[in-house]
Amino acid sequence: MRSLILIALAGAAAQLVDGGIGMGFGVTSTTILLLAGLGPATASAVVHTSELGTTLVSGISHWRFGNVHWPTVLKLGVPGAISAFVGATVLSNLSLESAVPVTSTILLILGINLVWRFSRLRPKKTSTSRPHSTPFLTGLGIVGGFVDASGGGGWGPISTSTLMAVGREQPRRIVGTVNTAEFLVTFGATAGFIVGLWQEIVANAAAVVALLIGGMITAPIAAWLISRINPTLLGGFVGTTIVTLNVPKALGWALPHGVIVGLQIAALVLGVTLTVWANRRRKRHEREENYEGHHSSPTRGGSRVVSSTEPNGSAASSADTAETARVGASAAGSD
């Protein structure tokens, strides 16, 4: 019972993260499940089975709000589903000793990706009507699907981050399309785990339900959270936590305990420092943009409008000049 409560809390925490930054459910929940004692393959199987429900609901919701580009869903999701099936099959056939470093290394890399993504001030991208090429989407789907299944998560950090960086579509359409395609990827991964780990999935059916319930409980909070929480802080701190927690299992087989502890401390300090620095830089950038917007000088008919901050003498002089010009124009018209 205690383990089921922990799994439900993992689902709740993962859903809050996913709602706050638009990604991270699989990465966060898999990391917590590994800490709770589940094996890598079992943890990934539990996560993907529970995600069948959450991704289906998410995809339908995005479709109803017009956030889905269906050609991209198919070009991205179908290769991703096939690759996820392969990744799940590979992970299912790895021994526990081999699977733990592999999965933890993938999670470690994804955590670094989150810290990097949310610690840099990205220039604003303007969407274009030029669609992504089929080979590009196919390759992205293959990489994202395999990593998602074998690492217990990663579809969002890989696919969403890449498409956001390219910037050929509106952010809401990117998130909606990637989330809808994730249902296909989750279906492929779950099918692979059913083939290789059917007995483990049945034995952990309660864990699947607990993870799903935890996510469903906090889903409304996550929807409220996304419009209020600072994504830079949340994404950076979550990425830092994932990196710190996965360092021992990813590198413990090759490095002594003292070095591992030192790496954890370094990762924690560096991640927090980058996140705080990025947040301050983002706020400063927003203040500068607001300042420029409020103090820009609009024009009317090619003539500058005098700002209220100018000295009264200048304003009066401008008014006198305008009045003189008006009188002169009237006189010329009467002639």
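Here the structure is a predicted model, which means the values were calculated and not measured.

Asks: Quick question: what am I supposed to make of the overall build of the chain here?
Replies: Of the regular secondary structure elements, the chain holds 12 helices and 2 strands. Starting at the N terminus, the α and β elements of the chain follow one another as α-α-α-α-α-α-α-α-α-α-α-β-β-α. Partitioning the intrachain contacts of the chain with sequence separation of at least 6 by distance along the chain shows that 82% fall at a separation of at least 24. Per element, the accessible surface of the chain, about 17400 Å² overall, is 67% carbon and sulfur.

Asks: What should I look at first to understand the packing of aromatic side chains in this one?
Replies: For any two aromatic rings, the description comes down to two numbers: the centre-to-centre distance and the angle of the planes. Counted according to the given criterion, the structure contains 0 aromatic pairs. Sitting above the plane of the Phe-118 ring, Arg-117 keeps its charged end 5.2 Å from the centroid.

Asks: Any chance you could explain a nonpolar patch on the surface here in plain terms?
Replies: A cluster of nonpolar side chains, contributed by Leu-74, Val-78, Ile-82, Phe-85, Val-86, Val-90, Leu-94, Val-102, Phe-146 and Val-195, occupies part of the molecular surface with about 820 Å² of accessible area. Here the nonpolar patch takes 6 residues from helix 4 (residues 70-92), the largest share from any one element. Examined against the element boundaries, Val-102 turns out to sit in helix 5 (residues 96-119). Residue Val-102 is classed as partly exposed on the basis of its relative accessible area of 36%.

Asks: Which parts of the structure should I look at to understand the confidence of the model for the chain?
Replies: Detail in the predicted coordinates should be disregarded across regions flagged by low pLDDT. The share of residues in the chain with pLDDT of 70 or more is 80%, and the mean pLDDT across the chain is 79. Looking across the chain, the model is least confident in helix 12 (residues 312-334), with a mean pLDDT of 43, and most confident in helix 4, with 94. When the criterion is pLDDT under 50, residues 300-335 qualifies, and its contacts beyond four places in sequence or with other chains add up to 8 contacts.

Asks: Honestly, the packing of helix 3 (residues 40-64) against helix 8 (residues 171-203) in this entry has me stumped. Any pointers?
Replies: Packed helices, taken two at a time, are described by the angle between their axes plus the distance between the axes. At their nearest, the axes of helix 3 and helix 8 sit 7 Å apart, and the two run at 150° to each other. In this structure, the crossing between helix 3 and helix 8 has a hand that is left-handed.

Asks: Which parts of the structure should I look at to understand the nonpolar core?
Replies: Nonpolar side chains in soluble globular proteins tend to end up buried together. One finds Val-46, Leu-76, Leu-163, Phe-193 and Leu-211 to be the most contacted residues of the largest nonpolar core, which totals 49 residues. Here this core gets 8 residues from one element, more than from any other, and that element is helix 8. Sequence-distant contacts of Leu-163, defined by excluding residues within four places in its chain, comprise Leu-76, His-132, Phe-136, Leu-137, Leu-140, Arg-168, Ile-174 and Val-178.

Asks: Explanation requested: the UniProt feature "transmembrane region" (unreviewed entry) in the chain in the structure shown.
Replies: When the UniProt feature table is mapped onto this chain, "transmembrane region" (unreviewed entry) is found at residues 98-116, 174-195, 201-226, 233-251 and 257-278. Secondary structure across residues 98-116 comprises 100% helix and 0% strand; the distance between its end C-alpha atoms is 28 Å. Taken end to end, residues 174-195 comprises 100% helix and 0% strand; its first and last C-alpha atoms sit 32 Å apart.

Asks: I would appreciate a short explanation of the side chain of His-132 in the present structure.
Replies: Mapped onto the fold, His-132 is located in the loop between helix 5 and helix 6 (134-151). Every residue in contact with His-132, bar those within four places of it in the chain, is listed here: Leu-137, Leu-163, Val-166 and Arg-168.

Asks: How should I be thinking about the environment of Val-73 in this particular structure?
Replies: Inspection of the secondary structure puts Val-73 in helix 4. A relative accessible area of 2% means that Val-73 is categorised as buried. For the pair Val-73 and Gly-141, spaced 68 residues apart in the sequence, the C-alpha separation amounts to 9.8 Å. Filtering out sequence-adjacent residues up to four positions away, Val-73 remains in contact with Val-68, Val-78, Thr-177, Thr-180, Ala-181 and Leu-184.

Asks: Looking at this structure, I do not really get helix 3. What am I missing?
Replies: Since the α-helix packs 3.6 residues into each turn, any two residues three or four apart lie on the same face. Its 25 residues place the ends of helix 3 35 Å apart at the C-alpha level, agreeing with the 36 Å of an ideal helix rising 1.5 Å per residue. Where helix 3 bends most, the angle comes to about 35°, and this point is Glu-51.

Asks: Looking at this structure, I do not really get the side chain of Thr-31. What am I missing?
Replies: Its place among the elements puts Thr-31 in helix 2 (residues 25-35). Given the relative accessible area of 4%, Thr-31 is considered buried. For Thr-31, the contacting residues outside a window of four places in its chain are Leu-107, Ile-242, Leu-245 and Asn-246.

Asks: Which parts of the structure should I look at to understand the environment of Thr-72?
Replies: Looking at the secondary structure, you find Thr-72 in helix 4. C-alpha of Thr-72 to C-alpha of Ile-174: the two residues are 102 residues apart in sequence and 9.5 Å apart in space.

Asks: Help me out: how do you make sense of the packing of helix 7 (residues 155-166) against helix 8 in this one?
Replies: For the pair helix 7 and helix 8, the least separation of the axes is 10 Å and the interaxial angle reads 145°. Once helix 7 is placed against helix 8, the crossing between them reads as right-handed. Here helix 7 contributes Trp-155, Ser-159, Thr-160, Leu-163 and Met-164 to the contact with helix 8, which in turn contributes Pro-171, Ile-174, Val-175, Val-178, Ala-181, Glu-182 and Val-185. For the contact of helix 7 with helix 8, the per-class residue count stands at 9 nonpolar, 2 polar and 1 charged.

Conventions we followed
Residues numbered from 1 in each chain as written. Predicted model: local features only at pLDDT ≥ 70, side-chain atom pairs only at ≥ 80, totals over all residues. Heavy atoms only, no water. Helix = DSSP H or I, 4+ residues; strand = E, 2+ residues; numbered from the N terminus. Contact = heavy atoms within 4.5 Å. Areas by Shrake-Rupley, 256 points an atom, 1.4 Å probe, with all protein chains shown as cover. Phe/Tyr/Trp six-rings, centres within 6.5 Å; stacked < 30°, edge-to-face > 60°. Lys NZ or Arg CZ within 6 Å of the ring centre and 35° of its normal. Patch = residues over 30% accessible without salt bridge, like charges linked within 9 Å, V, L, I, M, F, W, Y side chains within 5 Å. Salt bridge = Lys/Arg side-chain N within 4 Å of Asp/Glu carboxyl O. Buried < 20%, exposed > 50% of the residue type's maximum accessible area, 1.4 Å probe, protein only. pLDDT = per-residue confidence, 0-100. Axes fitted to C-alpha atoms, helices over the stretch in contact; angles between N-to-C directions. Left-handed = near helix turned anticlockwise from the far one by under 90°. Core = buried A, V, L, I, M, F, W, Y, C linked by side-chain atoms within 4.5 Å. UniProt positions renumbered as here; feature names shortened; annotations may be inferred. Expected span 1.5 Å × (residues − 1). Bend = angle between axes of the 7 residues up to and from the residue. Nonpolar A, V, L, I, M, F, W, Y, C, P; charged D, E, K, R; others polar.

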